[in-house]
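Geometric and topological summary
This is what each chain is made of:
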Amino acid sequence: NNAFLAIAHHDSSSGKAFAELVHEEDRAAWRAEFAKLVRRECDSFDFEGRLAGREAAPRRIHTSFVVTAASEILGESIMFICQDVTEQRTAEEKLRQSQK
């Protein structure tokens, strides 16, 4: 949706799948968890990682994925909620550094 595309700094015309937007160093971990969801080894999972992007410092996101019945027509779908946690993680790191 548009809110996620704004976080990812992409537009719908890029045609990229979610996996392509995950930073390459975090992609294998995301794919492993997503595969478990697809195989129905779990009904949901949370993932925190970086987005691939043009910025020097990648955006950090926290996502929650869940299998849900979207509608009678679509049957089961995988939906996710994404939150940009970049500023929160930066503040936490600064606090840790100041406590050393």
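The structure displayed is predicted, hence computed values, not measured ones.

1. Considering the sheet that holds strand S2 (residues 60-71)
- Strand order across the open sheet formed by three strands is S1-S2-S3, with antiparallel pairing between neighbours. Every other strand in the sheet has two partners, leaving strand S1 (44-50) and strand S3 (75-84) as the edge strands with one partner each. Neighbour-to-neighbour, the strand axes of the sheet open up by a mean angle of 25°, direction not taken into account.
- Both S1 and S2 contribute to a ladder of seven bridges, which runs antiparallel. If you follow Phe47 over to S2, its bridge partner there is Thr63.
- Running at roughly 170° to S1, helix H3 (residues 24-38) makes contact with S1, S2 and S3 of the sheet.

2. Here we look at the packing of aromatic side chains
- Summed over all chains, the structure comprises eight aromatic pairs.
- Three or more aromatic residues joined by ring pairs make a cluster, and in this case those are Phe18, Trp30, Phe34, Phe45, Phe65 and Phe80.

3. Notes on the pattern of salt bridges
- In total, this model carries eleven salt bridges according to the counting rule given.
- Its salt-bridge partner being Arg39, residue Glu41 comes within 2.6 Å of it at the nearest N-O pair. This pair shows no difference in class: Glu41 is exposed, exactly as Arg39 is.
- The closest approach of N and O atoms between Arg40 and Glu76, which form a salt bridge, is 2.8 Å. Of the two residues, Arg40 is situated in the loop between H3 and S1 and Glu76 in strand S3; the sequence distance between them amounts to 36 residues.
- Look at Glu76 and you get exposed, because its relative accessible area is 54%.
- Several salt bridges converge on common partners, so that one network encompasses Glu48, Arg60, Arg89 and Glu92.

4. Some words on the environment of Ala6
- Along the chain, the position of Ala6 falls in helix H1 (residues 2-8).
- Given a relative accessible area of 51%, Ala6 falls into the exposed group.
- Distance in space between the C-alpha atoms of Ala6 and Ala29 is 23 Å, their sequence separation being 23 residues.

What counts as what
- Residues numbered from 1 in each chain as written.
- Predicted model: local features only at pLDDT ≥ 70, side-chain atom pairs only at ≥ 80, totals over all residues.
- Heavy atoms only, no water.
- Pairing = 2+ DSSP bridges.
- Helix = DSSP H or I, 4+ residues; strand = E, 2+ residues; numbered from the N terminus.
- Axes fitted to C-alpha atoms, helices over the stretch in contact; angles between N-to-C directions.
- Contact = heavy atoms within 4.5 Å.
- Phe/Tyr/Trp six-rings, centres within 6.5 Å; stacked < 30°, edge-to-face > 60°.
- Salt bridge = Lys/Arg side-chain N within 4 Å of Asp/Glu carboxyl O.
- Buried < 20%, exposed > 50% of the residue type's maximum accessible area, 1.4 Å probe, protein only.

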